[in-house]
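So the chains spell out like this:
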Amino acid sequence: MEIVNKVHEHNLVAWAKDRPKVLVLSGDLTGSTEISLFKQTYPDRFVSMGMAEQNMLSWAGGLAREGFIPFLHTFAVFLYRRPLDQLQMSICYPNLPVRLVGFLPGISTPGGVTHQAIEDLSVLRGVPNLTILEVGDATDVESILDITEDIPGPVYIRMLRGQIPRLFPQSERLQLNRARVLSAGSDITLLSTGLCTEEAMRVTGILNARGVSISHLHITTLKPFTDPTVLSALAKAKHGVITMENHNIIGGLGTCAAEMMAEAGIGKPLLRVGIKDTYCQGASFPYLMRKHELDALGLVSAVEKLLDTKLDISEADLADVRIEEAASLSTEQLEAL
Amino acid sequence: MTKTHSWEQEVEAIADIIRRRVLDLTIEKQGCYLSQALSSADILATLYAKVLQLGPSEGSNIPPKFPGVPGQSGADYGFGAAYNGPQGDGYDRLLISPAHYAVAIYATLIAVGRMSPESLSQFNTDGSTLEMIGAEHSPGFELTTGSFGQALSQAGGIAMARKLRGEKGRVFVFMSDGELEEGQTWEAIQALAFHKIDNVVVCVDVNGQQVDGLTKDVMNIEPIDARIESFGGTAVKVDGHNVGEIETAINNTPHENGPLFVLAYTNTSQGIPLLDERKPHLHYVRFKNDAEEATFKQFLTDWEREAS
């Protein structure tokens with residue numbers, strides 16, 4: 001599997017070249033959110049806002065009202081917890097084209113509870129006018145800025161940094177509100193988002209070999225959640241549906257699926273793999289993934305539960321173990337938590 | 001009024017029209033944000049009639065009904081600002097921060113001829129844009145600022161954008177003193193100074209009153225001028241009922257490297273001494289009984305006769 005480094009850092013600079021209205025606002029996390037190269041390349045379009053997120057969000061609203069397109073860069077958690085009122089009244093109510101680029105979603109941070117955006121989707125899905133996206137690989141990251149161009153209102157992105165796998169061919173660009181169909185099958189429909197898609201892909205091959213037929217869809221648009229491809233896959237699941245996300249099981253992908261299934265009258269069991277409505281501690285990503293069962297083995301357990309059978313799949317059976325190496329964050333990024 | 005009157009007298013006359021209109025509405029509606037209009041009338045009249053460089057109103061003389069929220073209904077953001085005329089190079093902007101002052105803003109637009117007098121009967125009626133607590137669809141409003149302390153940061157973004165475009169014209173923010181209690185206000189002042197945003201002028205109605213009582217008893221914010229100066233802004237204190245002082249402070253105070261704050265110290269019963277006995281409970285004025293209402297009606301009648 002190809003691993004790509006600092007995808008957003010380079011993509012943003014190339015993408016912004018002929019887009020003079022694009023400004024980048026930093027919340028004192030320039031190195032940590034991959035905007036050092038932007039700052040160096042376009043110093044006049046880089047705005048340092050310091051550690052003052054409420055002001056940064058309202059300020060961005062003002063810039064957007066005047067025709068600029070501000071891209072706010074900080075950790076995901078600092079874009080919605082502290083400044084939720086500003087996000088709503090200064091940006092979302094007037095439906096302004098502010099781009100909220102949130103890094104280290106869920107437990108993908110060693111920063112502990114204060115840095116873990118585990119309920120951002122629960123909070124933000126209820127905010128009108130806001131589009132919510134999440135990337136899962138290098139191709140997603142490379143194409144997500146293009147997606148934002150057609151969205152007149154605000155966009156919140158659960159972004160990835162550092163070393164990112166390329167799971168999807170570079171030519172197959174991300175499409176708004178359209179899932180990537182990774183495997184077709186009839187027993188179980190599996191929806192996954194973000195980093196969980198890579199974990200899920202480690203499992204789906206071997207499940208197939210064991211005779212479990214899985215329809216696996218990678219979801220990048222969490223709001224709106226109206227993709228007919230997803231609805232059709234949910235309807236076809238013989239035994240049930242599994243969702244897998246780096247987020248609380250309340251309010252995120254699992255809830256999106258539940259709502260869609262209930263509204264369409266799809267009466268199948270739904271198993272939600274995710275953080276089980278608990279805060280988490282500061283620790284490494286692999287450790288937390290295992291502890292909270294968001295990893296490949298967690299998915300195996302969910303499949304066993306849904307099918308009421310034992311599959312005898314061990315860690316050794318799983319393909320492409322990348323997570324330990326990739327999660328060892330570079331010193332530069334660890335310095336600025 | 002004859003041509004021999006000074007501009008100060010003309011602005012003061014406008015301020016009194018604002019006060020009388022809001023008192024009239026308070027009687028008609030059986031309650032209103034009256035004290036805010038009384039304290040801020042001279043500031044608003046000075047801004048609209050003397051200081052602001054505005055083009056003619058682009059709003060309709062009778063305000064439109066609420067057209068829907070931005071985004072889903074196709075309504076645009078910030079269109080209440082049409083009453084302040086065109087935006088662009090050379091024009092000033094006025095951003096209203098304390099949305100509870102809406103009635104004072106509507107009355108000011110009427111007093112300076114930017115909206116028809118009969119518009120005020122729509123105030124706080126269902127489906128009207130003349131909401132009790134205004135938002136960006138309300139006449140005179142460009143932002144949605146009923147949650148306090150957010151306008152100054154947005155003004156920073158707007159003013160920065162205008163500087164990036166090389167545009168002339170100032171960005172005025174009308175604020176209330178209670179908003180100085182919000183942490184975001186200080187984040188904004190810090191950022192305005194850091195980015196050397198010198199095209200922002202903030203006029204603060206320091207009326208010393210908030211919902212629970214006098215500001216000094218609820219949460220002290222003094223010394224306001226020293227606090228602002230220590231954050232990198234320029235602050236000047238004026239008598240908020242002396243229109244000459246307000247105008248001089250706005251136009252003649254140097255502030256090359258950051259925002260200017262004109263701290264206008266005001267009285268919440270200015271023009272209506274009958275309200276003195278209610279102080280400090282003047283956040284929302286409602287008459288207690290028929291007799292009291294009759295007293296205020298008579299006061300208004302006498303005041304109108306005197307003015308004409």
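None of these values were measured; they are calculated from a predicted model.

Novice: Help me understand the sheet that holds strand β1 (residues 93-96) of chain B in this model?
Specialist: Working definition: the strands of a sheet are paired by backbone hydrogen bonds and lie parallel or antiparallel to each other. All names here are of chain B. Ordered by their spatial adjacency, five strands build an open sheet running β1-β2-β3-β7-β6, and the pairing between neighbours is parallel. Both outer strands of the open sheet, β1 and β6 (234-239), are each paired with one neighbouring strand and no more. Mean inter-strand twist for the sheet, computed between neighbouring axes without regard to direction, equals 20°. Relative to strand β2 (residues 171-176), β1 is paired through four bridges, and the arrangement is parallel. Within β2, the position partnered with Leu94 by the bridge is Phe172.

Novice: It is not clear to me how the packing of aromatic side chains should be interpreted in this structure. Could you clarify?
Specialist: For any pair of aromatic rings, the description consists of the separation of the ring centres together with the inter-plane angle of the planes. Going through the model one piece at a time under the given rule, you end up with 10 aromatic pairs over all chains. When the ring of Tyr101 of chain B is compared with that of Phe174 of chain B, the centres are 5.2 Å apart and the planes differ by 75°; the resulting orientation is edge-to-face. Residue Tyr101 of chain B is located in the loop between β1 and α3 (102-111), and its partner Phe174 of chain B is located in strand β2; the two are separated by 73 residues in the primary sequence. Neither Tyr101 of chain B nor Phe174 of chain B differs from the other in exposure class; each is buried. Members of the aromatic cluster, connected to one another through ring pairs, are Tyr106, Phe123 and Phe141 of chain B. The residue whose ring lies beneath Lys21 of chain A is Phe68 of chain A, and the NZ or CZ to ring-centre distance is 5.3 Å. Between the NZ or CZ atom of Arg20 of chain B and the centre of the ring of Trp303 of chain B, over which it lies, the distance is 5.7 Å.

Novice: Any chance you could explain the pattern of salt bridges here in plain terms?
Specialist: Side chains carrying opposite charge are able to pair once their charged atoms draw close together. Tallying each qualifying case throughout the model produces 34 salt bridges over all chains. For the salt bridge of Arg158 of chain A with Asp120 of chain A, the shortest nitrogen-to-oxygen distance reads 2.9 Å. A residue pair is termed long-range when its members are at least 10 positions apart, and Arg158 of chain A in strand β7 (residues 155-159) and Asp120 of chain A in helix α6 (residues 120-124) qualify at 38 residues. Each member of the pair, Arg158 of chain A as well as Asp120 of chain A, is classed as buried. Between Glu292 of chain B and Arg278 of chain B there is a salt bridge, with the nearest N and O atoms lying 2.7 Å from each other. On the criterion of sequence distance, the pair formed by Glu292 of chain B in helix α9 (residues 290-307) and Arg278 of chain B in the loop between β7 (260-265) and α9 is long-range, its members being 14 residues apart. Here Glu292 of chain B falls in the buried class, since its relative accessible area comes to 14%. In this structure Arg278 of chain B comes out as buried when scored by relative accessible area, which is 11%.

Novice: How do you make sense of the domain arrangement of chain A when you look at a structure like this?
Specialist: How big an interface is tends to be stated in terms of accessible area lost as the parts join. All names here are of chain A. Along its sequence, chain A is organised into domain 1 (3-165) and domain 2 (180-317). Computed from C-alpha atoms alone, the centre-to-centre distance between domain 1 and domain 2 is 26 Å. With 30 residues of domain 1 at the interface, the matching set in domain 2 holds 33 residues. Here domain 1 packs against domain 2, burying approximately 2400 Å² in sum over the two surfaces, 56% of which is carbon and sulfur. Of all residues in domain 1, Ile107, Ile118 and Arg125 give up the largest surface area on contact with domain 2, accounting jointly for 32% of the area buried on that side. Glu259 is the partner of Arg125 in a salt bridge, and the nearest nitrogen-oxygen pair spans 2.7 Å. There are 19 residue pairs in polar contact (both at pLDDT 80 or more) connecting domain 1 and domain 2. Elements with a contribution of two residues or more to the side of domain 1 that touches domain 2: α6, β6 (131-134) and α7 (138-149).

Novice: How should I be thinking about unusual backbone geometry in this particular structure?
Specialist: Glycine aside, residues mostly have negative phi angles, and peptide bonds mostly take the trans form. Between Lys223 of chain A and Pro224 of chain A the backbone carries a cis peptide bond, its omega angle lying at 0°. Structurally, the position occupied by Pro224 of chain A is in the loop between β12 (221-223) and α9 (228-236). The omega angle of the peptide bond from Glu222 of chain B to Pro223 of chain B is 0°, so this bond is cis rather than trans. Despite not being glycine, Asp28 of chain A has its phi angle at roughly 60°, a positive value.

Thresholds applied
Residues numbered from 1 in each chain as written. Chains lettered and ligands numbered in written order. Predicted model: local features only at pLDDT ≥ 70, side-chain atom pairs only at ≥ 80, totals over all residues. Heavy atoms only, no water. Pairing = 2+ DSSP bridges. Helix = DSSP H or I, 4+ residues; strand = E, 2+ residues; numbered from the N terminus. Axes fitted to C-alpha atoms, helices over the stretch in contact; angles between N-to-C directions. Phe/Tyr/Trp six-rings, centres within 6.5 Å; stacked < 30°, edge-to-face > 60°. Buried < 20%, exposed > 50% of the residue type's maximum accessible area, 1.4 Å probe, protein only. Lys NZ or Arg CZ within 6 Å of the ring centre and 35° of its normal. Salt bridge = Lys/Arg side-chain N within 4 Å of Asp/Glu carboxyl O. Domains from an automatic or database assignment. Contact = heavy atoms within 4.5 Å. Buried area = accessible area lost by both parts, 1.4 Å probe. Polar contact = N/O pair within 3.5 Å; in protein donor to acceptor, adjacent residues only side chain to side chain.

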